[in-house]
Amino acid sequence: MTDQTSTEHRPVLVVDFGAQYAQLIARRVREAGVYSELVPHTITAAEVEAKRPLGIVLSGGPSSVYEEGAPAFDDSVFDLGIPVLGICYGFQVMARALGGTVGNTGDREYGATGATLVGGGGAILGGQPEAQNVWMSHGDAVQQAPEGFEVYARTAVTPVAAFGSAEKKLYGVQWHPEVKHSDHGQRVLENFLHHVAGIPADWTAGNVIAEQIERIREQVGDARVISALSGGVDSAVSTALVHEAIGDQLTAVFVDHGLLRKGEREQVERDYVASTGVKLITVDAADIFLGHLAGVTDPEEKRKIIGREFIRAFEQVQLDLVAEAKASGEKVKFLVQGTLYPDVVESGGGAGTANIKSHHNVGGLPEDLDFELIEPLRALFKDEVRAIGRELGIPEAIVGRQPFPGPGLGIRIVGEVTRERLDVLREADAIAREELTAAGLDQTIWQCPVVLLADVRSVGVQGDGRTYGHPIVLRPVSSEDAMTADWTRVPYEVLAKISNRITNQVPEVNRVVLDVTSKPPGTIEWE
Ligand code: XMP
C-alpha cells in the first residue's frame, strides 16, 4: 500500500523535540491552511530533502541545549535553503547552530510575559503591536543573535526574544506562538508560512476531499470495499469519503448491538444514508449481545464480550458479502478504517501497515479475509475530519458528536445489563443530552456520560407514595484529549432542569447525582 500520510501537498515539517507542543504546532499550521507533518528531531538533512518540504518549524522541547543528552538536530538542515522557523528550544537550537550564543541567565520566564518589538519586527512580527503578551517557558536564553541576523523582539530579561535573516529565510521566536495565550501567535505562524515561505493557504476541506477521492479511486480500481459504521465521527466521515470516490462499490455495515443511545440507529439508517447515499447493511444483533451479557457485572468482562460479539457479527456480514461477490466474479479487497493522524503519530508510524491482521481497531478477522486497508483520514486531525464531514454534507448531529465508547451503554450500567435497564438509561441519557444541547454547552463539554447505578436503590417520595428507585449519575467533563479531564461546572439551573425532567419522566429513577471528580483520579467512564 502507498504511504497515505503524504498527499499531493508538499508538507511543512514540524520537528518534534519532545515537547507536548509539537502536535499543537502541526495543528496550528493546518489551521493556517498549510499541510504539516510531524517528524522526529533525529531526522537527517537528506531525509528532510527527500520529503521536499516547503518550510520547517522547530518545536519547543523540555531540555537545555547544553544539557547532556539534549535532543540533537542535524545542523546542515539550515543550509538546505528551506525556510525555517524555530520556536523556544528550536529557536535556541537554531541560534547555537548558526553561531549565536545561548546561556543560562538565571532568569526563568514562565507564562504570560510582555514582549517588545525591535526594529519593526521583521517579516514575522511586522505590523503587530509593539508591546504584546507572549507565552514563555524557558530557562536558557539567546544572548546574541547569529551574525547577519536581526533582533526583532526582547523582553525584560531576554535581550534576544526573536530574530531572523530575510536573506536566509531563517527566523525564530523564544515564545510559543502556537498557544492561545500568545496574543498574536497565529499571525507569527501565518507570516512565516505565507510571507516568508510563500506557501498558499490551500489546505482546505474541499482540496483534501478532492485529493483523497483521486487516491482512493487509484487504490481501489473496480474492487469492492467494506466499511464498519459505528455512528461515531471517524467512521462516518471515512465511509462517506470512500463512498464519494467509488459509490456503490462500497457497502457499509452497522452493527446494532442494543447498547446504542436513543435515536442513534435512526441517525445512521435514515439521516446518514439520506445525506450520503451510502449502501448500508444493518445487523440486528441486540438479542445475541444481551444474551451473552446476561448475568455479567464485571466491566472488563462486559468489554470483552461486546468486542468479541462485534467482531463475530461483522465477520458474518463480510463472509456473506465475499461469498456474494465471488459468485458474481468480483473481489472484495478493501476495508475502510477511520484511523486519524494522532493515532499514526502515537504508534510511531509513517507509512501504513498494509494488512488488517496487524491492526487492533477491528480485531482478529478470519485468515481467509485478507483485506487491504483504506485509511483516508490518516493524515488528519479530528477538527479537520469534522470540517470534511460538514463539507460532505453529513448531518451535524453525527459530525459534531461527542466521543462515545464502543461498548456503548453496556459500560454505563453499573451492574448487569438488561433490556429494561437499557431502556431506563436511554431515556435519562436522552433528556440530559437534550438539555445540555439546549443550554448551548456542547462545545464546553467534552462528553457527559450518564450512568445508571442499577444495583443501588434509594428511598424517595413522589406524590403520596414512597418510591424505591435507582440513582442516575451525570458525569459532564471538560478535556482536550480524554487523557486528563476536569468536571464541567454546568450551571445549577441546567442541572436542576435535567434532574427534574429525569425524575419526572423516568419512573424507575428517583435521584440524580453529579460526579465532581477530575481525571485522575476518576476515569471519565464509570466502568
Ligand atoms: P476513561 O473512562 O478511560 O475514558 O477515562 C477515556 C475515553 O475513552 C472512552 N472509552 C472507551 N472507548 N471503548 C472505547 O471505544 C472502551 O472500552 C472505552 N472505555 C472508555 C471514554 O468514553 C472516553 O472518551
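The model shown is predicted, which means the values in this text are computed figures rather than measured ones. (Residues numbered from 1 in each chain as written. Predicted model: local features only at pLDDT ≥ 70, side-chain atom pairs only at ≥ 80, totals over all residues. Heavy atoms only, no water.)

Q: How should I be thinking about the UniProt feature "active site" (unreviewed entry) in the protein in this particular structure?
A: Per the UniProt annotation, the sites labelled "active site" (unreviewed entry) are Cys88, His176 and Glu178. These annotated residues cover 91 residues of sequence, and their C-alpha atoms lie no more than 10.9 Å from one another, placing them together at a single site. In this structure, Cys88 sits in the loop between strand S4 (84-87) and helix H3 (89-97). For Cys88, the contacting residues outside a window of four places in its chain are Gly60, Ser137, His138, Val173, Gln174, Trp175 and His176. Summarising the element assignment, Glu178 is placed in the loop between strand S9 (170-173) and helix H5 (185-196). Residue Glu178 is classed as buried on the basis of its relative accessible area, which comes to 0%. Dropping the residues within four chain positions of it, Glu178 is found in contact with Tyr21, Leu24, Ile25, Arg28, Ile87 and Leu189. (UniProt positions renumbered as here; feature names shortened; annotations may be inferred. Helix = DSSP H or I, 4+ residues; strand = E, 2+ residues; numbered from the N terminus. Contact = heavy atoms within 4.5 Å. Buried < 20%, exposed > 50% of the residue type's maximum accessible area, 1.4 Å probe, protein only.)

Q: For this particular structure, what's the right way to read the environment of Val268?
A: Tracing the sequence through the fold places Val268 in helix H8 (residues 264-276). Of the residues examined, Val268 reaches a relative accessible area of 3% and is grouped as buried. The contacts of Val268, once residues within four sequence positions are left out, are Leu229, Gly231, Phe254, Val273 and Leu280.

Q: I keep staring at the site of the ligand and nothing clicks. Help me out?
A: Every residue near the ligand is listed here: Arg303, Pro403, Pro405, Gly406, Pro407, Gln447, Ala482, Lys519, Thr523, Ile524 and Glu525. In this structure, an oxygen atom belonging to the ligand sits 2.6 Å away from a side-chain N or O atom of Lys519. Between the ligand and Ile524 there is a distance of 2.7 Å, counted from an oxygen atom to a backbone nitrogen or oxygen. The protein chains hide 69% of the 490 Å² of surface that the ligand would expose on its own. Looking at side-chain class alone, the shell around the ligand contains 5 nonpolar, 3 polar and 3 charged residues. (Near = heavy atom within 4 Å. Polar contact = N/O pair within 3.5 Å; in protein donor to acceptor, adjacent residues only side chain to side chain. Areas by Shrake-Rupley, 256 points an atom, 1.4 Å probe, with all protein chains shown as cover. Nonpolar A, V, L, I, M, F, W, Y, C, P; charged D, E, K, R; others polar.)

Q: How do you make sense of the pattern of salt bridges when you look at a structure like this?
A: Here the idea is simple: oppositely charged side chains can pair when their charged atoms come close. For the structure shown, the criterion picks out 30 salt bridges. Overlapping salt bridges, with partners in common, bring together Arg261, Glu264, Arg401, Asp429 and Arg433 in one network. (Salt bridge = Lys/Arg side-chain N within 4 Å of Asp/Glu carboxyl O.)

Q: Can you help me understand the pairing of S9 in this one?
A: Each regular strand shows side chains that alternate between the opposite faces of the sheet. Side chains Leu170 and Gly172 of S9 all project onto a buried face; the interleaved residues Tyr171 and Val173 project onto the opposite face, where all are buried too. In textbook terms, the turn of a hairpin is the stretch between consecutive antiparallel strands, and for strand S8 (residues 162-165) and S9 this stretch comprises 4 residues, one of which, Lys169, has a positive phi near 60°. (Pairing = 2+ DSSP bridges.)

Q: I'm lost on the nonpolar core in this one. Help?
A: The nonpolar side chains of soluble globular proteins are, as a tendency, buried together. If you look at the biggest cluster of nonpolar residues, it comprises 50 residues, and the most contacted ones within it are Ile226, Leu436, Ile472, Leu474 and Ile502. At 8 residues, helix H10 (residues 299-327) tops the list of elements feeding residues into this core. Each of domain 2 (205-399) and domain 3 (418-514) gives at least three residues to this core. With residues near it in sequence (within four places) discarded, Ile226 still touches Leu250, Thr251, Val253, Phe314, Gln318, Leu321, Val332, Phe334, Leu335, Val336 and Phe371. (Core = buried A, V, L, I, M, F, W, Y, C linked by side-chain atoms within 4.5 Å. Domains from an automatic or database assignment.)

Q: Before we go on, may I ask you to explain the UniProt feature "binding site: ATP" (unreviewed entry) in the protein in this structure?
A: In this numbering, the UniProt entry assigns the feature "binding site: ATP" (unreviewed entry) to Ser230, Gly231, Gly232, Val233, Asp234, Ser235 and Ala236. Turning to its location among the elements, Gly231 is positioned in the loop between strand S10 (224-229) and helix H7 (233-246). The class of Gly231 is buried, set by a relative accessible area of 8%. Here Gly231 is in contact with Phe254, Val268, Ile398 and Arg401, once residues within four sequence places are set aside.

Q: Whenever I open this one, the sheet that holds strand S3 (residues 55-58) confuses me. Can you help?
A: Across a sheet, strands are paired by hydrogen bonds formed along the backbone, either parallel or antiparallel in direction. The strand order across the open sheet formed by 9 strands is S2-S1-S3-S4-S9-S8-S7-S5-S6, and the pairing between neighbours is mixed. With one partner strand each, in any of the chains shown, strand S2 (36-40) and strand S6 (131-144) form the two edges of the open sheet. The mean angle between the axes of side-by-side strands here comes to 20°, regardless of whether they run parallel or antiparallel. Both strand S7 (residues 150-155) and S8 contribute to a ladder of 3 bridges, which runs antiparallel. Looking at the pairing, Ala153 lines up with Ala162 of S8. Its contacts with the sheet place helix H1 (residues 22-31) against strand S1 (12-16), S2, S3 and S4, and it is angled at close to 160° to S2. Here H5 sits on the sheet and contacts S1, S3, S4 and S9; the angle it forms with S4, its principal contact strand, is near 165°. (Axes fitted to C-alpha atoms, helices over the stretch in contact; angles between N-to-C directions.)

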